[in-house]
Amino acid sequence: YIVTIRVKPDHSGVVTDGVKHSMNPFCEIAVEEAVKLKEKKFIKEVVAVSCGPTQVTETIRTALAMGCDRGIHVEVSGKDYEAMGPLQIAKIFAALAKKEEASLVILGKQAIDDDCNQTGQMTAALLDWPQGTFASEVTIDGEKVKVVREIDGGLETIKISMPAVLTADLRLNTPRYATLPNIMKAKKKKIANMKPADLGVDMVSRVEVLRVDEPPTRLAGVKVETVDDLVAKLKANGTI
Amino acid sequence: TLVTALVRVSLGLCVSGCRSLSSLAELPEMHQMMRQTCRDYADRELGPIAGKLDKEHLFPAQQVRELGAMGVMAVEVPEALGGAGMDYLAYSLAVEEISRGCGSTGCVVSVNNSLYIGPILKFGTQKQKEQWITPFTTGEKVGCFALSEPGNGSDAGAASTLARQEGEEWVLNGTKAWITNSWDASATVIFATTDKSLKHKGISAFLVPMPHPGLSLGKKEDKLGIRATSTANLILEDCRIPLGNMLGSRGSGFKIAMQTLDSGRIGIASQALGIAQAALDCAADYAHKRTAFGAPIGKLQAVQFKLADMAVAVESARLLTWKAAMLKDAKKPFTKEAAMAKLAASEAATFCGHQSIQVLGGMGYVTDMPAERHYRDARITEIYEGTSEIQRLVIAGQLLKEYAS
């Protein structure tokens, strides 16, 4: 959604109350990939998981409407939710992956609110599983997964064994719109409820946010006629 | 497999602080979800191309297929026949959101659902439903509804198109006018007189595939609005169809038409709501951004009053539309409410279209902004599927019946 993000008056974060939220776009791509793999019969069951307050169930239901089989809502609210970061989420996911005996954990490469790009990698490390991050193509080949990754230098192809963690990049697929019949079916699918404590996860953050500020307002530029003028001006304002 | 997700807070659908949930103030979760999916589709896929579709008179074939895949082209049709199996309230929400993105596409959705599939679903045999509905649920094919003629629009009882029986066939002759979707349709529900002496009780309904020998199309009308839809005459010259293509019983055509239009009114009301909302969105957004007299024009009372009046017009028409849809879903009489909804919504659409241009000033008059398209698209909603004047007659008729005794 297009919303104007405002910094809280106490500079402790951004205002999220009353701001319209939706599923993280990279997570939509991850859900789509999981559903596609199930449609191609490579995987049996897709479980959609989300950590957060009650409102999160709406997003889980959207995932169910896209084709996931069931959902898990890990309830985190209040101060715990404000302090929740990639490490805490990764711990929850690692615990759930073991509990559910998952063969694949597919996440969006990063969340567009904090742009951390850490949860997938941390989850893999905690599980000691191989990881295929920034995936733009995923192919299952027996017990292995071939992942084409988008890296700065171009495309890198790796083959990793399952169980594994994958993170979805932009060009992996185009997420489907939830169809009306699937929205009806989603109503009957189950969403289990649990707390981090049930998974033995401590939510204490190792990171303390000191201050959040808006980027400095961009100042107007100045036009100059010659290179000499440019050098003089740069010297005058202390840049050189 | 596990995924991360952001918190989703639903804004605008729940009246803040409202503890008692009358079903008109907050929609059920499923309806909210389907409304959101249609809104997402309209924002991402229709909004960006609506101007082009309008300018170039392009039928949105690909979008109609995508909407078909989502179940939007056959919302009320049971799943067994290939539809989405949802209720009329869901259908109304879908049409509104699609129309908000593109008024023409909303019209195509409404005509296919209410006017073509609607009567077949209600009056057709199982075989007819499988043959004439199922292929039209996917978006690959759309249907149309041929009632009006050059000689009669509001005067639907005076159908001069004739159908005579010849052996195992019906032979149709005549001309139908103003048929939406005509050039893009693969079938039509068409009304013709089988017994002239019985007047309007002598009209029957028929199913005709398109193209078909004996059925030709007139030239595409060059319209003020909803230009991505095709509107043309249907010309029948000894058009022969099997006896099994009669829809409903002989002589019940007028009844079928009237009942179909009753429901169709809710569809058109929804389309009008979408256009009205789009016009309001455009004006409100502009009021934030455009500065004059040293401040955004949204600070001026003259503009504020317009936006307030537009919002009231849309919201009240919306509640009327939802009520009509809910009455229909509850299998209660809804003729009066459907007519009220269509009247209110279409007049809200023309009002909002007009005022939106006014708020935008000169910018509202040029094609750079969508305000002028909303103005043009809105106008037809007061005319087709029963003019505003006919709606008033229907409402008054129902009212007087209630008071008589």
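Residues numbered from 1 in each chain as written. Chains lettered and ligands numbered in written order. Predicted model: local features only at pLDDT ≥ 70, side-chain atom pairs only at ≥ 80, totals over all residues. Heavy atoms only, no water.

- Within an unreviewed UniProt entry, the label attached to chain B reads Short-chain specific acyl-CoA dehydrogenase, mitochondrial, and the organism entered is Oncorhynchus mykiss.
- Under the UniProt heading Cofactor (unreviewed entry), the entry covering chain B gives this text: "FAD".
- One UniProt comment on chain B, placed under Sequence similarities (unreviewed entry), says "Belongs to the acyl-CoA dehydrogenase family." (UniProt positions renumbered as here; feature names shortened; annotations may be inferred.)

- If you check an unreviewed UniProt entry, chain A appears there as Electron transfer flavoprotein subunit beta from Oncorhynchus mykiss.
- Listed under Sequence similarities (unreviewed entry) in UniProt, the entry text for chain A is "Belongs to the ETF beta-subunit/FixA family."
- UniProt's Subcellular location (unreviewed entry) comment on chain A is quoted here verbatim: "Mitochondrion matrix".

**Some points on the overall build of chain A**
So, point 1. Looking only at helices and strands, chain A features seven helices and eight strands.
So, point 2. With respect to the principal axes defined by its C-alpha atoms, chain A has extents near 70 × 40 × 40 Å.
So, point 3. Sorting the 240 residues of chain A into buried and exposed places 42% on the buried side.
So, point 4. Nonlocal contacts in chain A, meaning residues at least 24 apart in sequence, comprise 66% of its contacts between residues at least 6 apart. (Helix = DSSP H or I, 4+ residues; strand = E, 2+ residues; numbered from the N terminus. Buried < 20%, exposed > 50% of the residue type's maximum accessible area, 1.4 Å probe, protein only. Contact = heavy atoms within 4.5 Å.)

**Details of unusual backbone geometry**
So, point 1. Cis geometry is adopted by the peptide bond preceding Pro-163 of chain A, which originates at Met-162 of chain A and carries an omega value of 5°.
So, point 2. Within the element layout of this structure, Pro-163 of chain A appears in the loop between β6 (154-161) and β7 (164-168).
So, point 3. Here the bond from Met-210 of chain B into Pro-211 of chain B is cis, since omega is 0°, no more than 30 degrees from zero.
So, point 4. With respect to the element layout, Pro-211 of chain B can be found in the loop between β5 (203-209) and β6 (215-217).
So, point 5. Even without a glycine there, the phi angle at Trp-178 of chain B is positive, about 65°.
So, point 6. Within the secondary structure layout, Trp-178 of chain B lies in strand β3 (residues 169-180).
So, point 7. Phi at Asp-238 of chain B is positive, roughly 50°, even though this residue is not glycine.
So, point 8. With respect to the helices and strands, the residue Asp-238 of chain B is situated in strand β7 (residues 231-242).
So, point 9. Its relative accessible area of 39% is what places Asp-238 of chain B among the partly exposed residues.

**What about a nonpolar patch on the surface?**
Residues and elements named next belong to chain A.
So, point 1. On the surface, Val-3, Ile-5 and Val-14 cluster together into a nonpolar patch covering about 210 Å² of accessible area.
So, point 2. For Val-3, the position within the fold is in the segment before α1 (25-39).
So, point 3. For Val-3, a relative accessible area of 35% translates into the label partly exposed. (Patch = residues over 30% accessible without salt bridge, like charges linked within 9 Å, V, L, I, M, F, W, Y side chains within 5 Å. Areas by Shrake-Rupley, 256 points an atom, 1.4 Å probe, with all protein chains shown as cover. Salt bridge = Lys/Arg side-chain N within 4 Å of Asp/Glu carboxyl O.)

**As for helix α2 (residues 61-70) of chain B**
So, point 1. Those residues of α2 of chain B lying buried are Gln-63, Val-64, Leu-67, Gly-68 and Met-70 of chain B. Here the buried residues of α2 of chain B occupy an arc of 155° about the axis, which is enough to place them on one side.
So, point 2. Here the buried face of α2 of chain B lies against α6 (180-186) of chain A together with α1 (29-56), α3 (88-101), α4 (103-123) and β1 (142-146) of chain B.
So, point 3. Backbone geometry just after α2 of chain B places Gly-71 of chain B at a positive phi near 95°. (Arc of directions from axis to C-beta.)

**Structural notes on the UniProt feature "domain: Acyl-CoA oxidase/dehydrogenase middle" (unreviewed entry) in chain B**
So, point 1. Mapped onto the present numbering, the UniProt feature "domain: Acyl-CoA oxidase/dehydrogenase middle" (unreviewed entry) falls on residues 144-239 of chain B.
So, point 2. For residues 144-239 of chain B, the end-to-end C-alpha separation is 17 Å, with 0% helix and 50% strand making up the annotated structure.

**Details of the environment of Arg-100 of chain B**
All names here are of chain B.
So, point 1. Relative to the helices and strands, Arg-100 resides in helix α3.
So, point 2. Here Arg-100 is in contact with Arg-39, Asp-43, Gly-274, Gln-277, Ala-278 and Asp-281, once residues within four sequence places are set aside.
So, point 3. A distance of 3.0 Å separates the side chain of Arg-100 from the side chain of Asp-281, its partner in a polar contact. (Polar contact = N/O pair within 3.5 Å; in protein donor to acceptor, adjacent residues only side chain to side chain.)

**Some points on the sheet that holds strand β5 (residues 144-151) of chain A**
All names here are of chain A.
So, point 1. Ordered in space as β3-β7-β4-β5-β6, the five strands form an open sheet in which the pairing is mixed. With one partner strand each, in any of the chains shown, β3 (104-108) and β6 form the two edges of the open sheet. Averaged over neighbouring strand pairs, the angle between their axes works out to 35° when direction is ignored.
So, point 2. Relative to β6, β5 runs antiparallel, the two sharing eight bridges. Bridging across to β6, Ile-151 finds its partner in Gly-154. (Pairing = 2+ DSSP bridges. Axes fitted to C-alpha atoms, helices over the stretch in contact; angles between N-to-C directions.)

**Brief notes about the UniProt feature "domain: Electron transfer flavoprotein alpha/beta-subunit N-terminal" (unreviewed entry) in chain A**
So, point 1. The residues that UniProt annotates with the feature "domain: Electron transfer flavoprotein alpha/beta-subunit N-terminal" (unreviewed entry) are residues 11-203 of chain A.
So, point 2. Each end of residues 11-203 of chain A is marked by a C-alpha atom, and these two atoms are 23 Å apart; helix forms 33% of the span and strand 27%.

**A word on the pairing of β1 of chain B**
Residues and elements named next belong to chain B.
So, point 1. Counting buried residues in β1 gives five out of five residues, a clear majority hidden from the surface.
So, point 2. Neither face of β1 is left uncovered, since the one carrying Val-142, Cys-144 and Ala-146 and the one carrying Gly-143 and Phe-145 both have all their residues buried.
So, point 3. Bridging between β1 and strand β4 (residues 185-193) involves five bridges; their strand directions are parallel. Bridge pairing in β4 places Phe-145 opposite Val-189.

**Points about the interface of chain A and chain B**
So, point 1. On the chain B side, the residues contacting the 48 residues of chain A number 31 residues.
So, point 2. Summing both sides of the interface, chain A and chain B together bury roughly 3700 Å²; the carbon and sulfur share of this comes to 63%.
So, point 3. Salt-bridge contacts for Glu-29 of chain B lead to Arg-61 of chain A; the nearest nitrogen and oxygen are separated by 3.2 Å.
So, point 4. Applying the counting criterion to the chain A and chain B interface returns four residue pairs in polar contact (both at pLDDT 80 or more).
So, point 5. For the side of chain A that touches chain B, the elements supplying multiple residues, two or more each, are α1, β1 (47-52), α2 (56-66), α4 (86-100), β3 and α6 of chain A.
So, point 6. The biggest single contributor to the side of chain A that touches chain B is α2 of chain A, with six residues.
So, point 7. Looking at side-chain class alone, the side of chain A that touches chain B contains 29 nonpolar, eleven polar and eight charged residues. (Buried area = accessible area lost by both parts, 1.4 Å probe. Nonpolar A, V, L, I, M, F, W, Y, C, P; charged D, E, K, R; others polar.)

**Some details on the sheet that holds strand β8 (residues 191-194) of chain A**
All names here are of chain A.
So, point 1. What the three strands build is an open sheet, ordered β1-β2-β8; its pairing is parallel. The outermost strands of the open sheet, each flanked by one partner alone, are β1 and β8. Sheet twist, expressed as the average angle between the axes of neighbouring strands with direction ignored, equals 20°.
So, point 2. Pairing of β1 with strand β2 (residues 70-75) involves six bridges; the strand directions are parallel. Considered in β2, the bridge of Ser-50 is made with His-73.
So, point 3. Across the sheet, α2 touches β1, β2 and β8, and the angle it forms with β2 is around 165°.

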